Amino acid sequence: GNLLEVKGLKKYYPVQKGFLNSTAGYVKAVDDISFSIRRGETFGLVGESGCGKSTAGRSLLRLMEPTAGEILFEGRDITKLSAGELRKQRREMQMVFQDPFSSLDPRHTVERILEEPMIVHRTGNARERRAAVDKLADVVGLAKSQLQRYPHQFSGGQRQRIGIARALALQPKLIVADEPVSALDVSIQSQVINLMQDLQHEFGLTYLFIAHDLSVVKHICDRVAVMYLGRIIEITDKHSLYAHP
Ligand code: ADP
Ligand code: ADP
């Protein structure tokens with residue numbers, strides 16, 4: 001079955017007339033896209049920079065308000081949720097960002113960063129949260145001794161492990177990963193991809209994996225949607241992808 005169904009999603013940004021040759025006063029960043037993601041699969045969203053991938057990913061988590069469309073999560077349209085309902089829904093859908101450095105608060109220790117989502121969502125008591133943090137560190141391969149360090153004391157790959165651990169803190173079902181390895185050295189990329197695949201199996205996760213190049217996507221995705229100028233121009237499965245060089 002489908003975990004997520006996106007129907008007719010649009011996101012237009014208001015801009016000044018004349019900006020980016022806009023005559024309309026808005027940019028059609030996402031212009032009527034539809035797709036479904038099956039439970040447990042990794043669904044890729046690819047396309048060149050500026051085609052609307054990030055906007056689509058953020059809109060479907062309602063990190064920004066879509067202009068139009070339905071977003072059915074386990075059959076429930078989350079565009080219709082009240083603020084309170086949406087806050088609960090957010091536990092189930094988390095995001096991993098491209099740049100793990102700018103998305104981790106530099107003033108907080110890793111322990112605090114991993115505990116934060118549980119504090120915000122009032123999950124468990126202090127002792128339970130601490131135990132959960134230890135478990136999270138363990139599953140992404142961070143040593144306990146590293147929990148008292150700050151983000152700048154880690155390499156890019158380690159910071160992305162922290163970002164992934166934070167995304168897992170509330171035991172989500174869906175993770176939207178927006179170019180999660182694009183900022184990393186090529187030698188580190190496969191480690192992070194392998195980790196994401198291991199975690200997917202261990203926790204039964206479903207991924208929307210955003211990337212601008214096909215090489216990474218080929219390794220991890222079951223199906224791929226290709227975006228161009230705000231639209232999906234093709235949805236293809238892994239086996240057809242391999243036919244392309
Ligand atoms: P990406 O790596 O996703 O392409 P960008 O460097 O294009 O990111 O954008 C960085 C930030 O600037 C994002 O928050 C994005 O929403 C915003 N942004 C991108 N394009 C525009 C634009 N034309 N007008 C205003 N903000 C923009
Ligand atoms: P991608 O993730 O594929 O690089 P984005 O979703 O970042 O694409 O951007 C899609 C389009 O929307 C681009 O034309 C970008 O310049 C524009 N855009 C992104 N963020 C903003 C914003 N905050 N305001 C105006 N335009 C934006």
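Residues numbered from 1 in each chain as written. Chains lettered and ligands numbered in written order. Predicted model: local features only at pLDDT ≥ 70, side-chain atom pairs only at ≥ 80, totals over all residues. Heavy atoms only, no water.

A short note on the overall build of the protein chain
Note the following rule: In this text, helices come from DSSP runs of H or I with a minimum length of four residues, and strands from runs of E with a minimum of two, each type numbered from the N-terminal end. Between the two quantities, the radius of gyration covers C-alpha atoms and the globule rule is 2.2 Å times the number of residues to the power 0.38. Exposure classes here rest on a 1.4 Å probe applied to the protein chains alone. A residue is buried below 20% of its type maximum, exposed above 50%, and partly exposed in between. Whether two residues are in contact is decided by their heavy atoms: any pair within 4.5 Å suffices. Note on areas: Shrake-Rupley with a 1.4 Å probe; residue coverage comes only from the protein chains shown. Here Asp and Glu are counted as negative and Lys and Arg as positive; His is not counted, and neither are the chain ends. Charged groups are reduced to one reference atom each: NZ for lysine, CZ for arginine, CG for aspartic acid, CD for glutamic acid.
Along the backbone of the protein chain there are 8 helices and 10 strands. Taken against the 2.2 N^0.38 rule, which gives 18 Å for 245 residues, the C-alpha radius of gyration of the protein chain at 18 Å falls within 12% of a compact globule. Along the first, second and third principal axes, the C-alpha set of the protein chain runs to 55 × 45 × 40 Å. By residue count, 49% of the 245 residues in the protein chain fall in the buried class. Within the protein chain, counting contacts between residues at least 6 apart in sequence, those at least 24 apart form 68% of the total. Split by element, the accessible area of the protein chain, about 12100 Å² in all, is 48% carbon and sulfur. For the protein chain, the distance from the average position of its 33 positive side-chain charges to the average position of its 28 negative side-chain charges is 5 Å.

Some points on the site of ligand 2
Put simply, the test is: Residue proximity to a molecule or strand is established when one non-hydrogen atom of the residue lies within 4 Å of it. N or O atoms closer than or at 3.5 Å make up a polar contact, with two conditions inside protein: a donor-capable atom paired with an acceptor-capable one, and, for residues adjacent in sequence, both atoms drawn from side chains. Following the grouping adopted for this structure description, the nonpolar residues are Ala, Val, Leu, Ile, Met, Phe, Trp, Tyr, Cys and Pro, the charged ones are Asp, Glu, Lys and Arg, and the polar ones are all others, Gly among them.
Around ligand 2, a shell composed of Tyr13, Val15, Ala29, Glu48, Ser49, Gly50, Cys51, Gly52, Lys53, Ser54 and Thr55 is seen. Measuring from an oxygen atom of ligand 2, one finds a backbone N or O atom of Gly52 at 3.0 Å. In this structure, Ser54 approaches ligand 2 through a main-chain N or O atom, which is 2.8 Å from an oxygen atom. Here ligand 2 loses 64% of its free accessible area of 560 Å² to cover by the protein chains. Looking at the shell around ligand 2 element by element, the count peaks at 3 residues for helix H1 (residues 53–60). By residue class, the composition of the shell around ligand 2 is 4 nonpolar, 5 polar and 2 charged.

Describing the pairing of strand S1 (residues 2–14)
Keep this limit in mind: Two strands form a pair only when DSSP identifies at least two bridges running between them.
Bridge analysis of S1 against strand S2 (residues 26–38) gives 10 bridges, and the strand direction is antiparallel. Looking at the pairing, Asn2 lines up with Arg38 of S2. When S1 meets strand S4 (residues 68–73), the two strands line up antiparallel, connected through 5 bridges. Counted as the bridge partner of Lys7 is Glu70 from S4.

Some thoughts on the confidence of the model for the protein chain
How we decide: How sure the predictor is of each residue is captured by pLDDT, a score from 0 to 100.
Per-residue pLDDT for the protein chain averages 93, and the proportion of residues at 70 or more is 96%. Among the scores for the predicted complex, ipTM is 0.76 and pTM is 0.89.

Describing the pattern of salt bridges
Put simply, the rule is: Any Lys or Arg side-chain nitrogen found within 4 Å of a carboxyl oxygen on Asp or Glu counts as a salt bridge.
Counted by the stated rule, this structure contains 13 salt bridges. For Glu74, the salt bridge identified is with Arg39, shortest N-O distance 3.1 Å. With a gap of 35 residues between them, Glu74 in the loop between S4 and strand S5 (76–77) and Arg39 in the loop between S2 and strand S3 (42–46) connect regions that are remote in the sequence. Here Glu74 falls in the partly exposed class, since its relative accessible area comes to 35%. The partner of Lys144 in a salt bridge is Asp134, with the nearest N and O atoms 3.5 Å apart. Of this pair, Lys144 sits in the loop between helix H4 (126–139) and helix H5 (156–168) while Asp134 sits in helix H4, and the two are 10 residues apart along the sequence. Given a relative accessible area of 59%, Lys144 falls into the exposed group.

Regarding the sheet that holds strand S9 (residues 223–228)
Note the threshold: Convention adopted: a line fitted to C-alpha atoms gives each axis, helices being fitted over their contacting stretch, and angles between N-to-C directions are expressed from 0 to 180 degrees.
Read from one edge of the open sheet, 6 strands run S6-S7-S8-S3-S9-S10, paired in mixed fashion. Single-partner strands in this sheet number two, and they are strand S6 (93–96) and strand S10 (231–237). Neighbour-to-neighbour, the strand axes of this sheet turn through a mean angle of 20 degrees, independent of strand direction. Relative to strand S7 (residues 174–178), S6 runs parallel, the two being bridged by 4 bridges.

Comments concerning the nonpolar core
Rules: The criterion is simple. A nonpolar core is a set of buried Ala, Val, Leu, Ile, Met, Phe, Trp, Tyr and Cys residues joined through side-chain atoms within 4.5 Å.
Leu114, Val140, Ile162, Ile164, Leu199 and Phe209 are the most contacted members of the largest nonpolar core, which has 41 residues in total. For this core, the elements supplying multiple residues, two or more each, are helix H3 (110–120), H4, H5, S7, helix H6 (186–203), strand S8 (206–211), helix H7 (214–220) and S9. In this structure, Phe209 is in contact with Thr42, Phe43, Gly44, Leu45, Ala177, Pro180, Ile193, Met196, Val216, Val217, Ile220 and Cys221, ignoring residues within four places of it in sequence. Counting residues in each nonpolar core, the second largest holds 27 residues, with Leu9, Ile78, Met95 and Leu208 among its members.

A look at H3
Residues lying three or four places apart along an α-helix face the same way, a consequence of the helix completing one turn every 3.6 residues. Along H3, the residues that are buried comprise Val110, Glu111, Ile113, Leu114, Glu115, Pro117 and Met118. Downstream of H3 by one or two residues, Arg122 has phi in the positive range, about 50 degrees.

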